[in-house]
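Residue-level listing of the chains:
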Amino acid sequence: MSVQEFTYQDVAEHNTKKDLFLVIHDKVYDSTKFIDEHPGGEEVLLDVGGQDATEAFEDVGHSDEARETLEKYFVGNVKRQPGDPTPKATASAVAPPADTSGAGMGTALYAFVFIGGLAAYFGYQYLQQSQEAQA
Ligand code: HEM
């Protein structure tokens with residue numbers, strides 16, 4: 001049996017207390033039955049109802065127990081479409097510009113240290129030679 005897939009448009013329709021879907025890490029959870037049980041209150045869940053709640057959920061630092069509870073309400077996966085919002089966590093992990101600039105800085109630093117090392121070596125040689133010349 002294949003897992004059901006929802007688009008963000010599908011999920012967005014479930015944003016009321018009587019019918020509440022949340023998206024966390026690209027998975028869809030029908031949290032309707034959980035609203036009244038949530039230790040963090042119903043208000044926060046309704047705020048992110050029908051949307052990507054990954055950031056809100058992770059910001060709180062939910063326990064492993066909370067994550068297990070989540071699995072009980074799993075109803076399917078998110079089917080991403082062009083133009084859909086990307087959760088921040090994933091975006092920064094895969095964003096190439098940030099990585100490239102980081103690597104560039106690293107290379108520049110190595111080059112700097114290497115050139116500094118060469119300068120020190122030749123400087124030392126030069127000093128040795130000029131001292132020998134004096135002797
Ligand atoms: C269906 C999804 C969720 C489940 C199963 C869930 C479960 C839980 C559980 C079990 C706790 C107790 C503390 C812990 O074990 O970590 C908790 C606390 C809390 N949750 Fe959630 N949570 C969900 C979604 C959210 C979302 C989307 C938010 C924020 C927008 C949120 C905000 C909070 C806050 C603020 C607390 C702390 C309450 C306190 O310590 O006074 N939760 N949640």
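What you are looking at is a predicted structure, and each value in this text was computed from that prediction instead of being measured. (Residues numbered from 1 in each chain as written. Predicted model: local features only at pLDDT ≥ 70, side-chain atom pairs only at ≥ 80, totals over all residues.)

Positive phi is not limited to glycine here, since His 25 has a value of about 50 degrees. Relative to the helices and strands, His 25 is located in the loop between strand 3 (19–24) and strand 4 (27–30). Take His 25: there are 15 C-beta atoms within 10 Å of it, and that puts it in the partly exposed class. You will see that Asp 26, though not glycine, has its phi angle at about 65 degrees, which is positive. (Helix = DSSP H or I, 4+ residues; strand = E, 2+ residues; numbered from the N terminus. Buried ≥ 20, exposed ≤ 12 C-beta atoms within 10 Å, placed from the backbone.)

Time to look at the UniProt feature "transmembrane region" (unreviewed entry) in the chain. Here the UniProt-annotated "transmembrane region" (unreviewed entry) positions come out as residues 108–127. Along residues 108–127, the helical share is 100% and the strand share 0%, with 28 Å between the first and last C-alpha atoms. (UniProt positions renumbered as here; feature names shortened; annotations may be inferred.)

Near the ligand you find 22 residues, and of these Gly 40, Val 44, Ala 56, Ser 63 and Ala 66 are the closest. Listing elements by their share of the shell around the ligand, those giving two or more residues are helix 2 (42–47), helix 3 (54–60) and helix 4 (64–71). Top element by residues in the shell around the ligand is helix 4. It accounts for four residues. Partitioned by chemical class, the residues of the shell around the ligand number 14 nonpolar, six polar and two charged. (Near = placed C-beta within 6 Å. Nonpolar A, V, L, I, M, F, W, Y, C, P; charged D, E, K, R; others polar.)

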